[in-house]
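Architecture and fold: a report
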Amino acid sequence: MTAHFVQSNSLNTVVLCTKKLLNNHIGENLAEILLTEFNKWDIQSKIAAIVTDGGSNIKAAVRLMNLPHVPCTAHKLNLIVSQALMTDIDYDDQVSFEDNDADQIKFLLKKCRSIVGIFKRSEVGNRHLVEKQKQLGMTNTLKLKQDVRTRWSSTLVMLERLFKLKEHVTIVLMSLRDGQSNLTPSQWDVVEDIIPLLQPFNKMTVELSYEKAPTISKVIPLVRGLQNTLSKKNPRTNQGKFLREQLLNNVGNRFQSVKKLLPIPYYANAAFLDPRCKKACFTNQQNANDAEASIISEIAGLVQNQTTVLDEM
């Protein structure tokens, strides 16, 4: 591997250039491996596009193979929510009323993880939680769920379960030495606001993860539905309102081009050809007209090529 040096007064510039060179190198290796497999199966000429996540290595590989690239929508959704729920403060940090809403949300999630951790580590606490559920009439007892920070959907599951067992958890924590770790009433209100804001993202991810039929035609109507759903949510807390705006902004930024033909026409064309959608799923009539024109042009090209082949026979 050739060493490259960049003379710069900024260490950040050197690091970024090094990462770019490394990504290109790995991308070349990935492209070589993929092309070998394509040739082995004799499918390279049949590939219309390659769907990947947003990793720079695999994107570089697709670019080097000169094949159309379609970003994974589920991965975009993951980035949208992960960015809005990003955690970078320690649980022991003191959060004052002057701190911004983002820090308040991060601190709240840290505290929720700490509460779940108490019951995961304490056999006594977990046993008391089960007993308290039975005493309060629950026939099927539940356990708290700990989230995995690389999977935002697990954070939703953690909050849903914690809120469902709010009364039971509160009573048990009061009897334990760790009772002071319980959420305040205002923090419980924020949890109640966060859950319905994240649920539509989970439903959309599940809808797009269907394996027995193509789902690309659903992307535009689902994104539009997601934006409408979030816009109609009315969180009561400042943190809930802040999170809603963050999610709406992230959706707009990451999906602003899906209804257009650039940089790729696949989303718009697929939605237009889906009899459930047609032009109705486009908020901008010009985007719908552009998709129609693109499809007509592509069909005309295919017909012309086929006619040329028949004439040569």
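Predicted model only: the values in this text are computed from it and were never measured. (Residues numbered from 1 in each chain as written. Predicted model: local features only at pLDDT ≥ 70, side-chain atom pairs only at ≥ 80, totals over all residues. Heavy atoms only, no water.)

**What about the packing of aromatic side chains?**
Aromatic rings in a pair are described by how distant their centres are and how their planes are angled relative to each other. Following the criterion strictly, the structure yields two aromatic pairs and no others. Their ring planes at 85° and their centres at 6.5 Å tell us that Trp152 and Phe201 sit as a pair that is edge-to-face. With Trp152 in helix α6 (residues 152–164) and Phe201 in helix α8 (residues 185–208), this residue pair connects regions lying 49 residues apart in the sequence. Both residues of the pair, Trp152 and Phe201, count as buried. Each ring, one from Phe163 and one from Trp188, has its centre 6.3 Å from the other, and the planes form 55°; the classification is tilted. Remark: Trp188 occurs in helix α8 and Phe163 occurs in helix α6; sequence separation between them is 25 residues. (Phe/Tyr/Trp six-rings, centres within 6.5 Å; stacked < 30°, edge-to-face > 60°. Helix = DSSP H or I, 4+ residues; strand = E, 2+ residues; numbered from the N terminus. Buried < 20%, exposed > 50% of the residue type's maximum accessible area, 1.4 Å probe, protein only.)

**Some details on the pattern of salt bridges**
Enumeration over the complete set of coordinates arrives at 10 salt bridges. Here Arg113 makes a salt bridge to Asp147, at a shortest N to O gap of 3.0 Å. A residue pair is termed long-range when its members are at least 10 positions apart, and Arg113 in helix α4 (residues 101–121) and Asp147 in the loop between α5 (123–135) and α6 qualify at 34 residues. For Glu245, the salt bridge is made with Arg244, and the minimal N-O distance between the two is 3.2 Å. Exposure remark for Glu245: the relative accessible area of 35% places this residue in the partly exposed category. (Salt bridge = Lys/Arg side-chain N within 4 Å of Asp/Glu carboxyl O.)

**Here's the deal with α5**
Over its 13 residues, α5 extends 18 Å from the first C-alpha to the last, a length consistent with the 18 Å expected when each residue adds 1.5 Å. Looking at α5, one finds that the buried residues are Gly125, Leu129, Lys132 and Gln133. Buried residues along α5 cover an arc of 100° about the axis, so they all sit on one side. Exposed side of α5, more than 90 degrees from the buried face: Glu123, Lys134 and Gln135 are the residues found there. Along its buried surface, α5 packs onto α4 and α7 (166–175). (Expected span 1.5 Å × (residues − 1). Arc of directions from axis to C-beta. Contact = heavy atoms within 4.5 Å.)

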